[in-house]
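# Structure assessment
For reference, the chains in residue letters:
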There are 2 protein chains.
Amino acid sequence: MTTFIQNLEKYADLAVRVGVNIQKGQTLVVNAPISTADFVRKVAKSAYEAGAKNVHVEWNDDELTRTKFDLAPDEAFNEYPVWKAKGFEEMAEGGAAFLSIVASNPDLLKGVDPNRIAAAQKAAGQAMEKYRSYAQADKISWCVIAVPSKEWAAKVFPDLTEEEQTNKLWDAIFQATRSDLEDPVQAWREHNATLHSKVDYLNNKKYKTLHYKAPGTDLKVDLPEKHIWIGGGGQNEQGVPFVANMPTEEVFTTPQKDGVNGVVTSSKPLSYGGNLIENFTLTFENGRIIDVKAEAGEDTLKRLVETDEGSHYLGEVALVPHNSPISNTNIIFFNTLFDENASNHFAIGNAYAFCIEGGKTMSKEDLAKNGANSSITHVDFMVGSAEMDIDGITADGTVEPLFRNGSWAF
Amino acid sequence: MTTFIQNLEKYADLAVRVGVNIQKGQTLVVNAPISTADFVRKVAKSAYEAGAKNVHVEWNDDELTRTKFDLAPDEAFNEYPVWKAKGFEEMAEGGAAFLSIVASNPDLLKGVDPNRIAAAQKAAGQAMEKYRSYAQADKISWCVIAVPSKEWAAKVFPDLTEEEQTNKLWDAIFQATRSDLEDPVQAWREHNATLHSKVDYLNNKKYKTLHYKAPGTDLKVDLPEKHIWIGGGGQNEQGVPFVANMPTEEVFTTPQKDGVNGVVTSSKPLSYGGNLIENFTLTFENGRIIDVKAEAGEDTLKRLVETDEGSHYLGEVALVPHNSPISNTNIIFFNTLFDENASNHFAIGNAYAFCIEGGKTMSKEDLAKNGANSSITHVDFMVGSAEMDIDGITADGTVEPLFRNGSWAF
Ligand SMILES: [Zn+2]
Ligand SMILES: [Zn+2]
Ligand SMILES: [Zn+2]
Ligand SMILES: [Zn+2]
């Protein structure tokens with residue numbers, strides 16, 4: 001067996017045993033593009049071997065999706081098969097686990113009438129609302145993982161041949177997900193335990209402020225009184241652990257909207273709307289971005305900040321050690337699942353309600369009162385590096401080291 | 001554009017415009033293996049261009065099916081997703097058309113526990129019963145067509161390379177379905193009109209007996225008083241014509257169970273249960289097979305006849321001109337959709353209820369009273385050749401030529 005096939009099988013096992021953590025007698029529902037069939041078949045085999053009763057695959061095909069957007073009449077985009085949405089609800093209520101395999105083509109919908117896209121998303125969103133609420137509330141075990149598409153691989157490695165592109169993206173995914181290790185399942189157990197210990201530590205400390213220092217960065221970020229740190233795998237309704245995103249390296253919460261002051265400099269390029277923004281600096285005063293500078297793509301960055309009122313503020317503060325498997329690939333994946341797990345980062349825009357105590361059931365007004373920002377956008381940008389130090393400052397003013405030289409200091 | 005791609009597109013168009021005969025604003029549901037994706041995408045394009053509102057593809061995968069049979073626990077085979085069956089009912093009730101693309105692997109289930117297969121078929125059969133009744137009653141437009149799988153192509157052309165096998169099977173399918181003609185849609189209009197005129201002629205004549213003569217064959221086949229000839233495309237509930245099987249060359253009805261006398265000799269090998277039966281002769285007395293001889297596979301043939309009481313009698317008599325596109329390929333397809341349309345044939349075993357006036361709603365007893373045979377099996381075998389003559393004998397004893405030298409005589 002080649003190393004590639006071995007890694008592929010370890011990756012499939014990892015998705016099954018750690019991602020959705022399939023239980024004996026459980027049904028596994030897989031959402032996947034038909035282009036990923038070889039991998040899906042390995043997932044199915046692994047799931048049955050782990051005791052799954054049934055593996056139900058819902059296939060999709062990018063080319064058919066595109067053909068429909070190009071050729072179908074307008075009214076086709078206001079409909080979504082309700083019976084299919086009901087099927088997903090039924091399977092969720094029946095205790096199934098859900099694995100989504102994404103192999104996105106970043107340019108799939110280039111040139112498509114945005115009204116059609118919006119209508120399709122709305123129809124799907126409404127039909128799948130109940131199912132989605134199960135996932136968002138962690139009632140069910142679910143997991144999202146990625147597999148190369150040739151279009152995605154071409155975007156990440158534009159200078160290689162088609163075959164090299166795909167192989168190299170596979171290798172990067174194996175590395176980023178620890179599938180290239182001897183025992184990835186064990187490695188993830190340890191990794192998850194580490195993330196949970198960081199989360200517990202930080203939630204215990206309830207720092208008032210984080211102080212970031214690095215070349216070009218001196219930034220103080222206040223945290224809301226009711227902030228909650230989140231990270232690593234969750235647990236479903238039955239108490240079975242699962243990992244909703246693979247890879248995941250971050251531990252994150254929401255900043256106090258009006259409590260960010262100082263300057264922060266990016267450590268990796270930001271791809272936004274098809275443009276690359278490089279070596280940029282943001283200056284904050286009472287949470288608001290008051291100055292924007294970039295060596296490349298400054299206009300794009302300014303337009304991003306001008307999206308709405310909320311896009312002038314931060315909505316996420318995330319801690320990722322510089323020495324992480326993804327960061328070590330040194331690759332821009334043009335895919336949030338990977339890129340946001342490569343480095344300490346912030347997000348411009350909307351905050352997650354679940355990062356505030358009781359936030360999931362709060363009104364917008366109450367979330368705002370508790371310091372959480374609101375915006376139609378949420379864009380992560382990377383600031384971490386081997387030279388970054390971060391201190392935590394407690395309510396009584398004690399300063400404690402959180403990060404030193406880009407890595408956890410506790 | 002290569003001839004191959006042209007034929008492929010003509011075949012896709014044919015399935016859409018003649019097979020299901022898609023109407024403006026209609027939804028097309030396609031059942032297809034993921035291995036046929038290239039063809040399915042052409043079908044979708046053709047359907048949208050013909051005015052379809054939506055093309056909904058339900059994908060399946062032979063390898064996943066086999067993996068489930070090999071690895072899933074027993075109880076998995078007693079279940080079928082009811083929500084999916086309901087979805088098919090809903091789409092049928094909503095006026096959708098249904099295209100099934102088969103690319104079978106003849107050996108897919110080799111070695112699988114027959115109890116599992118039976119359980120799975122039963123569960124699917126029960127869940128899909130209502131939907132199937134819509135198709136069987138021609139309430140909806142539906143069509144079955146075939147696309148090569150590499151396993152199927154290998155079975156048909158064992159002596160060629162893998163690439164040649166698939167190409168050659170494609171060519172044979174194009175020829176058999178008239179997709180290689182300049183204007184296949186027009187060719188099918190004419191072909192369908194011919195089949196319908198033969199059906200009308202035969203139903204008008206109400207022959208009492210057919211008399212087959214050819215080298216090694218001298219057989220008299222009585223027809224039940226209430227027999228109905230069937231052939232060519234049907235019409236759905238809205239009166240829209242469609243063709244349920246492509247190719248289709250046969251015009252068929254049921255013989256009078258106890259009214260077959262004489263000898264018939266096969267003109268093509270019969271593949272049954274993995275064995276080939278060659279150059280065989282059946283002798284009938286009052287409908288019952290009383291003697292069986294074969295140059296090869298005689299034991300297999302005897303076992304087939306011994307299956308049950310009904311397998312000692314005929315259940316189908318079908319007329320196909322020797323000079324038909326399928327017959328002219330001179331290929332054994334190991335696939336009923338093709339092989340039964342290659343030549344005049346009979347079937348050992350069960351008769352179709354719809355070949356008797358009012359038969360669809362008759363009890364088993366009434367069907368038997370009307371001369372229709374009943375058996376758990378139904379196996380077609382070929383008897384036609386360029387040397388076959390058939391006469392029709394009317395109730396008053398008039399003898400009229402039906403076939404001369406293997407072709408229609410009227
Ligand atoms: Zn993040
Ligand atoms: Zn984020
Ligand atoms: Zn037939
Ligand atoms: Zn038949």
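Keep in mind the model is a prediction, meaning the values are calculated, not measured.

## A few points about the packing of helix 1 (residues 3-19) of chain B against helix 9 (residues 184-205) of chain B
Residues and elements named next belong to chain B. Contact geometry of helix 1 with helix 9 gives a least axis separation of 9 Å together with a crossing angle of 45°. With respect to helix 9, the axis of helix 1 lies oblique. When the axes of helix 1 and helix 9 are compared, the crossing they make is right-handed. Taken together, the residues of helix 9 that come into contact with helix 1 (itself represented by K10, L14, R17 and V18) are P184, V185 and W188. Of the residues assigned to the contact of helix 1 with helix 9, the class counts are five nonpolar, no polar and two charged.

## Looking at empty space enclosed by the protein
Tallying each qualifying case throughout the model produces one cavity of 30 Å³ or more. Estimated volume of the largest cavity: approximately 50 Å³. Along the walls of the largest cavity sit V57(A), E58(A), W59(A), K84(A), V57(B), E58(B), W59(B) and K84(B), which together make up its complete lining. Listing elements by their share of the lining of the largest cavity, those giving two or more residues are strand 2 (54-60) of chain A together with strand 2 (54-60) of chain B.

## Quick word on the pattern of salt bridges
Throughout the structure, instances matching the rule amount to 42 salt bridges over all chains. Of the charged contacts, one joins D291(B) and K293(B) as a salt bridge, the two residues approaching to 3.0 Å between their closest N and O atoms. Of the residues examined, D291(B) reaches a relative accessible area of 31% and is grouped as partly exposed. On the basis of relative accessible area, K293(B) is assigned to the partly exposed category, the value being 49%. Overlapping salt bridges, with partners in common, bring together D38(A), R41(A), D61(B) and E63(B) in one network.

## Let's talk about the coordination of the zinc ion (ligand 1)
Residues and elements named next belong to chain A. The protein atoms that coordinate the zinc ion (ligand 1) are E250 (OE), E316 (OE), E340 (OE) and H345 (NE2), at distances spanning 1.8 to 2.5 Å. One way to put it: the four donor atoms around the zinc ion (ligand 1) meet at angles of 85 to 137°, and that makes the site irregular. The sequence motif formed by the donor residues of the zinc ion (ligand 1) is E-x65-E-x23-E-x4-H.

## Let's talk about the side chain of H191(B)
Residues and elements named next belong to chain B. Positionally, H191 belongs in helix 9. What makes H191 buried here is its relative accessible area of 8%. Among the polar contacts listed, one links the side chain of H191 to the side chain of R178, at a separation of 3.3 Å. Beyond its immediate sequence surroundings of up to four residues, H191 is in contact with R178, T248 and E249.

## A look at the coordination of the zinc ion (ligand 2)
Residue and element names in this part refer to chain A. E316 (OE), H378 (NE2), D380 (OD) and D380 (OD) make up the full set of protein donors to the zinc ion (ligand 2), lying at 2.1 to 2.6 Å. Counting along the primary sequence, the residues that act as donors to the zinc ion (ligand 2) give the motif E-x61-H-x1-D. Taken as an interatomic distance, the gap from the zinc ion (ligand 2) to the zinc ion (ligand 1) is 3.3 Å; E316 donates to each of them. Of this pair, E316 sits in strand 15 (residues 314-319) while D380 sits in strand 17 (residues 378-382); the two residues are 64 residues apart in sequence, bridging distant segments of the chain. The exposure class of E316 is buried, given its relative accessible area of 1%.

## Things to note about the pairing of strand 17 (residues 378-382) of chain B
Residue and element names in this part refer to chain B. For strand 17, a buried count of four out of five residues is recorded, marking the element as mostly surrounded by other parts of the structure. In terms of strand pairing, strand 16 (residues 345-349) meets strand 17 through five bridges, oriented antiparallel. By the bridge assignment for strand 17, F346 is matched with F381.

## Overview of the domain arrangement of chain A
All names here are of chain A. Under the domain assignment, chain A is made up of domain 1 (3-180) and domain 2 (206-231 + 242-408). Taken over C-alpha atoms, the centre of domain 1 sits 27 Å from the centre of domain 2. Listed as interface residues are 26 residues of domain 1 and, on the opposing side, 19 residues of domain 2. The contact between domain 1 and domain 2 buries some 1,800 Å² in all, and 68% of this surface belongs to carbon and sulfur atoms. Our count for the domain 1 to domain 2 interface comes out at one salt bridge. Of the charged contacts, one joins E249 and R178 as a salt bridge, the two residues approaching to 2.5 Å between their closest N and O atoms. Listing elements by their share of the side of domain 1 that touches domain 2, those giving two or more residues are helix 1 (3-19), strand 4 (142-146), helix 7 (150-156) and helix 8 (162-176). Across the side of domain 1 that touches domain 2, the residue classes tally to 17 nonpolar, six polar and three charged.

## Examining the sheet that holds strand 4 of chain A
All names here are of chain A. One open sheet accounts for four strands, arranged 2-1-3-4; its pairing is parallel. Of all strands in the sheet, those with a lone pairing partner are strand 2 and strand 4, marking the two edges. When strand polarity is set aside, the average angle formed by the axes of neighbouring strands in this sheet is 15°. Against the sheet, helix 2 (residues 37-49) contacts strand 1 (27-33), strand 2, strand 3 (97-102) and strand 4, and its axis sits at roughly 165° relative to strand 2.

## Re the relation of the copies chain A and chain B
Note on the copies: chain A fits chain B at an RMSD of 0.1 Å, the axial shift is 0.0 Å, and the rotation between them is 179°. Interpreted geometrically, this transformation is the action of a two-fold axis. Most of the interface of chain A is mirrored in chain B: 97% of its interface residues are interface residues there too.

## What about the packing of aromatic side chains?
Summed over the entire model, instances satisfying the criterion amount to 45 aromatic pairs over all chains. Look at F4(B) and W170(B): their rings are 5.9 Å apart centre to centre, the planes differ by 80°, and that puts the pair in the edge-to-face class. On the criterion of sequence distance, the pair formed by F4(B) in helix 1 and W170(B) in helix 8 (residues 162-176) is long-range, its members being 166 residues apart. Each residue in the set F4(A), Y11(A), F39(A), W170(A) and F174(A) is aromatic and connected to the rest through ring pairs, giving one cluster. The lysine or arginine in question, R178(A), covers the ring of W188(A), its NZ or CZ lying 5.7 Å from the ring centre.

## Description of the pairing of strand 16 of chain B
Residue and element names in this part refer to chain B. The element strand 16 is extensively covered by neighbouring structure, given that five of its five residues are classed as buried. As paired elements, strand 15 (residues 314-319) and strand 16 share four bridges and run antiparallel to each other. Residue pairing across strands places A318 opposite H345, the latter belonging to strand 16.

## What about the environment of K86(A)?
Relative to the assigned elements, K86(A) resides in helix 4 (residues 82-93). Expressed as a C-alpha distance, the spacing of K86(A) and L301(A), which sit 215 residues apart in the sequence, is 41 Å.

## A few points about the nonpolar core
L28(A), F39(A), W59(A), L28(B), F39(B) and W59(B) are the most contacted members of the largest nonpolar core, which totals 121 residues. For L28(B), the contacting residues outside a window of four places in its chain are V20(B), I22(B), V43(B), A47(B), N54(B), V55(B), H56(B), A97(B), F98(B) and L99(B).

## Structural notes on the sheet that holds strand 1 (residues 27-33) of chain B
Residues and elements named next belong to chain B. The four strands lie next to each other as 2-1-3-4, forming an open sheet whose pairing is parallel. Here the strands that pair on one side only, and so sit at the sheet edges, are strand 2 and strand 4 (142-146). Between one strand axis and the next, the sheet turns by 15° as a mean value, whatever way the strands run. Note: strand 1 against strand 2, seven bridges, orientation parallel. Bridged to N31 within strand 2 is E58. Taken strand by strand, helix 2 (residues 37-49) contacts strand 1, strand 2, strand 3 (97-102) and strand 4, and its axis lies near 165° from that of strand 2.

Each value, and the rule that gives it
Residues numbered from 1 in each chain as written. Chains lettered and ligands numbered in written order. Predicted model: local features only at pLDDT ≥ 70, side-chain atom pairs only at ≥ 80, totals over all residues. Heavy atoms only, no water. Axes fitted to C-alpha atoms, helices over the stretch in contact; angles between N-to-C directions. Helix = DSSP H or I, 4+ residues; strand = E, 2+ residues; numbered from the N terminus. Parallel < 35°, antiparallel > 145°, perpendicular 65-115°, else oblique. Left-handed = near helix turned anticlockwise from the far one by under 90°. Contact = heavy atoms within 4.5 Å. Nonpolar A, V, L, I, M, F, W, Y, C, P; charged D, E, K, R; others polar. 1 Å grid on protein atoms, 1.4 Å probe; cavity = no way out; pocket = protein on both sides within 12 Å on 5 of 7 lines; lining within 4 Å. Points joined across faces, edges and corners; volume = space filled by probe spheres on them. Salt bridge = Lys/Arg side-chain N within 4 Å of Asp/Glu carboxyl O. Buried < 20%, exposed > 50% of the residue type's maximum accessible area, 1.4 Å probe, protein only. Donors = N, O, S within 2.8 Å, 3.2 Å for Na, K, Ca; no water. Tetrahedral: all angles 85-135°; square planar, octahedral: opposite > 155°, others 65-115°. Polar contact = N/O pair within 3.5 Å; in protein donor to acceptor, adjacent residues only side chain to side chain. Pairing = 2+ DSSP bridges. Domains from an automatic or database assignment. Buried area = accessible area lost by both parts, 1.4 Å probe. Least-squares fit on C-alpha atoms with pLDDT ≥ 70 in both. Phe/Tyr/Trp six-rings, centres within 6.5 Å; stacked < 30°, edge-to-face > 60°. Lys NZ or Arg CZ within 6 Å of the ring centre and 35° of its normal. Core = buried A, V, L, I, M, F, W, Y, C linked by side-chain atoms within 4.5 Å.

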